[in-house]
Every structure is written in structure tokens, then in C-alpha cells.
Amino acid sequence: MIEQREMMKVVEKLRGDAIVLPTMTGNGAWLDVTQNQDRDVSIGGAMGKASTFALGLAMAQPDTNIIVFDGDGSLEMNLGTLATIAGKKPKNLYHFVLENGVYGTTGGQPIPSAGELSFAGIAREAGYKAAYEFDDLEEFTLQADSILNEEGPVFVCIKIVPEVQNEPIGRRKRHPKARPTKDALVALRKEIGTS
Amino acid sequence: MASQQAILNPATMIEEFKKNGVSHVVALPDSETNFLYELMDAESSLDVVPVAREGETMAVAAGLIVGGKRPVCLIQNTGMFESGDSIRGIAVDLGLPIVMIVGYRGWTRHGVTPDSAARFTEPYMDAWGLKYYLVERDEDADRISIAFEEAYENNTPIVVLIGDEYHGFNR
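Small disclaimer: the values here were computed from a predicted structure and weren't measured. (Residues numbered from 1 in each chain as written. Chains lettered and ligands numbered in written order. Predicted model: local features only at pLDDT ≥ 70, side-chain atom pairs only at ≥ 80, totals over all residues. Heavy atoms only, no water.)

Chemist: Would you mind showing me how to read the sheet that holds strand β5 (residues 131-135) of chain B here?
Modeler: In sheet architecture, strand pairing relies on hydrogen bonds along the backbone and comes in two forms, parallel and antiparallel. Residues and elements named next belong to chain B. Pairing within the open sheet is parallel, and its six strands lie in the order β2-β1-β3-β4-β6-β5. Because the sheet does not close on itself, it has two edges, and the strands there are β2 (47-50) and β5. The average angle at which neighbouring strand axes cross in this sheet is 25°, direction not considered. Those strands touched by helix α3 (residues 55-66) are β1 (24-27), β2, β3 (71-76) and β4 (99-103), and its axis lies near 175° from that of β3. (Pairing = 2+ DSSP bridges. Helix = DSSP H or I, 4+ residues; strand = E, 2+ residues; numbered from the N terminus. Axes fitted to C-alpha atoms, helices over the stretch in contact; angles between N-to-C directions. Contact = heavy atoms within 4.5 Å.)

Chemist: I keep staring at a negative patch on the surface and nothing clicks. Help me out?
Modeler: Taken together, the side chains of E133(A), D135(A), D136(A), E138(A) and E139(A) make up a negatively charged region of the molecular surface. Mapped onto the fold, E138(A) is located in helix α7 (residues 137-147). (Patch = residues over 30% accessible without salt bridge, like charges linked within 9 Å, V, L, I, M, F, W, Y side chains within 5 Å. Areas by Shrake-Rupley, 256 points an atom, 1.4 Å probe, with all protein chains shown as cover. Salt bridge = Lys/Arg side-chain N within 4 Å of Asp/Glu carboxyl O. Lys, Arg positive; Asp, Glu negative; His and termini not counted. Charge placed at Lys NZ, Arg CZ, Asp CG, Glu CD.)

Chemist: Is there a simple way to think about the pairing of strand β7 (residues 154-159) of chain A in this case?
Modeler: Each regular strand carries side chains that alternate between the two faces of the sheet. Residues and elements named next belong to chain A. With six of its six residues buried, β7 lies for the most part within the structure. The side-chain alternation of β7 yields two buried faces, one formed by V154, V156 and I158 and the other by F155, C157 and K159. Pairing geometry for strand β3 (residues 93-99) and β7, over six bridges, is parallel. Bridge pairing links V97 to C157 in β7. In the sheet, strand β6 (residues 130-134) pairs with β7 via five bridges, with the strands oriented parallel. Pairing of Y132 across the sheet is with V156, part of β7. In terms of handedness, the path from β6 via α7 over to β7 forms a crossover that is right-handed. (Buried < 20%, exposed > 50% of the residue type's maximum accessible area, 1.4 Å probe, protein only. Right-handed = clockwise from strand over helix to strand, strands pointing away.)

Chemist: So what exactly am I meant to see when it comes to the packing of aromatic side chains here?
Modeler: Any pair of aromatic rings gets described here by the distance separating the centres and the angle formed by the planes. Counted by the stated rule, this structure contains 10 aromatic pairs over all chains. A centroid spacing of 5.3 Å and a plane angle of 50° characterise the contact between W30(A) and F69(A), whose relative ring orientation is tilted. With a gap of 39 residues between them, W30(A) in helix α2 (residues 26-33) and F69(A) in strand β2 (residues 66-71) connect regions that are remote in the sequence. A residue is classified by how much of its surface remains accessible, and W30(A), at 1% relative accessible area, is buried. Pairwise contacts between aromatic rings join W30(A), F69(A), F96(A), Y132(A), F134(A) and F140(A) into one cluster. Residue placement shows R70(B) over the ring face of Y152(B); its charged tip is 4.1 Å from the ring centre. (Phe/Tyr/Trp six-rings, centres within 6.5 Å; stacked < 30°, edge-to-face > 60°. Lys NZ or Arg CZ within 6 Å of the ring centre and 35° of its normal.)

Chemist: Explanation requested: unusual backbone geometry in the structure shown.
Modeler: In most cases, non-glycine residues show a negative phi, while peptide bonds are predominantly trans. Residue and element names in this part refer to chain A. A cis amide bond, omega 0°, links G152 with the succeeding residue P153. Summarising the element assignment, P153 is placed in the loop between α7 and β7. The phi torsion at M47 lies on the positive side, around 60°, for a residue other than glycine. Structurally, M47 is set in the loop between α2 and α3 (50-60). One non-glycine residue, S113, lies in positive phi territory at about 60°.

Written out as C-alpha cells, the structure reads:
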């Protein structure tokens with residue numbers, strides 16, 4: 001099992017000018033790690049659509065790498081996204097799934113078939129160019145540079161240590177660096193010249 | 001009883017898309033819009049993005065808009081129902097000018113509407129606070145341009161209902 005921030009630190013070092021799109025459990029962790037927040041947008045609130053948003057952005061900005069940090073529960077809600085992405089074959093899309101086996105933002109209830117199904121296997125058979133699975137940080141660190149230079153769409157499943165939140169949403173503390181998605185989109189559009 | 005005629009030509013829709021600079025059509029086809037789908041596929045200025053489920057169309061469109069493109073979503077009203085949280089969480093809450101062309105399955109002009117898909121369509125859009133226009137024939141097609149103008153001027157999603165779905169789009 002990998003601590004998600006340690007994995008994200010590896011990605012941050014290698015990201016270059018990539019746009020990074022975290023969702024759900026990955027949001028706070030990525031905020032702890034990112035060095036270029038104007039090229040980050042947290043995509044939530046639409047039942048697992050971060051990877052689908054990433055596809056649109058990847059098609060519109062084909063010369064920029066797009067990295068999405070999806071959740072396993074999020075991906076299960078929108079599993080068809082794998083076929084949609086594979087169908088358009090975006091060369092610049094890197095689809096990470098943080099597999100912790102639980103709904104981390106709602107108290108840690110298990111997701112369906114937790115630990116039994118292979119997300120990387122489904123992505124591979126859906127038609128992604130490559131699909132990987134890691135449960136060892138050192139092994140991921142050794143391969144990360146090469147993976148992020150492959151032609152996409154690339155799928156990377158990272159088995160992470162669950163971080164469970166169990167407070168009602170209204171009582172949760174916001175990450176000091178968190179900003180509304182709408183504001184993050186304004187910053188990103190300014191950054192990439194599409195505003 | 002007068003019969004309805006095929007009065008909305010798919011080519012008219014394509015012309016409207018071109019007039020409004022549409023770059024991508026994010027679509028989940030249904031049997032009634034198949035002819036339009038074939039025309040779009042053959043039109044070099046349009047990139048057709050097939051999705052597995054209608055709720056994906058708004059997310060793909062959002063990414064395209066943020067990346068500087070000008071998409072349109074093409075789905076049926078039944079698919080719009082399925083898309084509820086994408087419309088809320090992406091199109092409405094993020095204030096994105098997503099134009100959705102929605103096949104109005106079951107629409108009749110005489111008020112007897114046995115198909116619940118049609119009966120729920122307008123109350124659904126009212127509940128989401130979505131503005132919408134109805135297009136039934138070629139003469140109505142400029143409402144698509146109006147939808148684009150308003151969507152981009154106000155940064156808001158707008159629906160264009162295609163009320164001739166069972167007629168004009170069929171061969």
C-alpha cells in the first residue's frame with residue numbers, strides 16, 4: 001500500500017506543465033503537494049466525472065499533458081468513461097486511480113467488489129494504450145518517468161492507504177489552499193490562454 | 001386529422017452548428033437521430049465524441065470549453081434525466097455555456113402526451129432552472145443561434161428541444 005502524498009510527490013516532480021485534476025479523496029492530498037496550483041482544478045460534484053472532463057480538456061489542448069487523480073468509488077460510478085476515453089485515444093491523458101477500496105469521503109464504507117476487481121484490467125480491455133497497477137512506492141518511483149512519457153491514454157492504478165473522513169460536510173475544515181472549482185477554472189483558463 | 005411532415009432537416013442542424021463555430025458534437029445517439037449522426041460524422045469541421053452515458057456529455061463539453069473549444073451536446077430527453085447531477089454540478093454550478101440539443105421524445109402538439117418522457121421534460125428543466133427553446137421545423141432553427149448567443153453571453157447552459165424528433169431526423 002502506498003501513502004498517496006508520497007506517490008503524488010513523485011508525480012509533482014515530473015509533471016512539467018501538465019494540468020492536474022484531482023477529485024474526492026485526492027483533493028486534499030494534492031493540495032499538500034502541488035507547486036503549480038494555477039494548473040490544477042479539483043473536479044467533483046458530478047458523480048465521478050473528473051476523468052470525463054479530463055478527456056474534453058485533453059482533446060482541446062493536445063499539446064499539454066492532462067493528469068487526473070480519480071477515486072475508485074468515483075470510477076465505479078462512471079465506469080463507461082473508460083470506453084469513452086479509449087474510443088477517442090487522447091495521447092496526452094494520464095488517468096490515475098487511487099484505489100483504497102472505500103468511499104473515503106463518506107465514512108469509509110466499502111465500494112462494490114472492493115479488492116476483487118481489477119481497475120487496470122478493465123482499462124486495459126477497454127482499449128487504453130497501457131495500464132499499470134502499483135502497491136509499492138519504490139516500484140512506482142522507478143517507472144513513473146517512463147510512464148508519464150508514454151503515449152496515452154495511460155491508466156495507472158495506485159493502491160493507497162485509505163484516509164477516511166467521517167464528519168458531516170458542513171463541519172469539515174477546508175484545506176487552507178482549497179479554492180472553489182469555478183475560481184480554479186478561471187485561473188487555469190488565464191494560464192493556458194483560453195479565457 | 002392532419003399528419004405531421006418531415007419539416008426539420010438534419011442538414012439544417014449541421015448548418016446551425018457550423019454557423020455557431022461548433023467544433024465538437026458530444027453525443028449519445030438514439031434511433032431517431034441516426035441520420036443526423038451520419039451527417040455529422042461526414043462533416044469535416046465537426047469532431048463527433050461518442051460517449052457511453054449521457055451524463056458524460058456535459059463533462060466532456062466542460063473540458064472542451066475550458067480548453068478553448070466550442071462543443072454542443074446531443075442527447076435525448078431520457079438521457080437528460082440521467083444526466084441530472086452532471087447538469088447541476090458541472091453546467092449550472094460552474095457557469096459554463098453548454099448548449100444541449102435534446103430530442104424531445106414523445107412530444108405532441110395536441111396536448112395528449114402518453115409518453116412520460118415528454119410529460120416530465122419541461123418540469124425537469126424548470127426544476128434545474130434551465131432555459132430552453134423548442135425547434136420543430138427548419139424555420140425555428142435560428143433558435144439554436146439564439147441559444148449559443150445567450151449561453152456565451154451569460155455563461156449558462158441552455159437546452160434546445162427538438163420537437164420533431166420522430167419525423168425530420170428519420171430517413
